[in-house]
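Structure at a glance
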Amino acid sequence: MGADLYVWCEEFRKWDEMMEEYLDVRDESIADGAHKIYEEYNMTNLLKIYEELEKNGMYFRDSYNMTNLLWWLGLNYGRWFAQFENEDDIVPPEKCKEIKEIVLQRAENIKHTKEQKEKYEQAFGSYQRAKQYFDEKLKEFVKFLDKCIEYGGMYASY
């Protein structure tokens, strides 16, 4: 479980449309018993597009465990992140810019309690290793947000 974030670009819209079509036809074909062939064909095509998104940095995954970047920063997806989405569940470029500014500021001023530090020490072997991990993950997230700003926003599933 986790947050799946996508750059709102042409490739993602194509993947999203194919996924919607796949789910509609799959539901219809289950009744006909012909869903296996359709599933295999369409899942292959969907996976190709998905792999392309991931390879090109158009996808960012944040698992719901001790590796979660927003949790490290004292934020979350359900309450904090959701406020940036518009009525179509898209985070517009200007909001992506705002998210970027906030996470960079939070990262600069991060203060964990003793209990939090102990949890990260336990998960990563040391608090310093955890910090290094999240410094790298933050860089990846910032690159991802820059692409969102450039291409027209972000779609988030969490």
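Keep in mind that what you see is a predicted model, and the values were worked out from it rather than measured.

What counts as what
Residues numbered from 1 in each chain as written. Predicted model: local features only at pLDDT ≥ 70, side-chain atom pairs only at ≥ 80, totals over all residues. Heavy atoms only, no water. Buried < 20%, exposed > 50% of the residue type's maximum accessible area, 1.4 Å probe, protein only. Helix = DSSP H or I, 4+ residues; strand = E, 2+ residues; numbered from the N terminus. Pairing = 2+ DSSP bridges. Core = buried A, V, L, I, M, F, W, Y, C linked by side-chain atoms within 4.5 Å. Contact = heavy atoms within 4.5 Å.

**Some details on the pairing of strand E4 (residues 154–157)**
- Residues Met-154 and Ala-156 point to one face of E4 and are all buried, whereas Tyr-155 and Ser-157, pointing to the other face, are not buried.
- Of the pairings in the sheet, the one linking strand E1 (residues 2–7) to E4 comprises four bridges and is antiparallel in character. Within the sheet, the bridge partner assigned to Leu-5 lies in E4 and is Ala-156.
- Note that strand E3 (residues 90–91) and E4 share two bridges and pair antiparallel. Residue pairing across strands places Val-91 opposite Met-154, the latter belonging to E4.

**A few points about the nonpolar core**
- Counting residues in hydrophobic clusters, the biggest one holds 36 residues, and the most contacted among them are Leu-5, Phe-81, Ile-99, Val-103, Phe-141 and Met-154.
- For this core, the secondary-structure elements that each account for two or more residues are E1, strand E2 (59–63), helix H3 (69–72), helix H4 (93–108), helix H5 (114–124), helix H6 (127–151) and E4.
- Top contributing element to this core by residue count: H6, with nine residues.
- Among all residues touching Phe-141, those that are not within four sequence positions of it are Leu-5, Phe-60, Leu-69, Ile-99 and Val-103.

**With respect to unusual backbone geometry**
- At Asp-89, a position not held by glycine, the phi torsion is positive, near 65°.
- Here Asp-89 shows up in the loop between H3 and E3.
- Under the relative-accessibility criterion, Asp-89 is labelled partly exposed at 42%.

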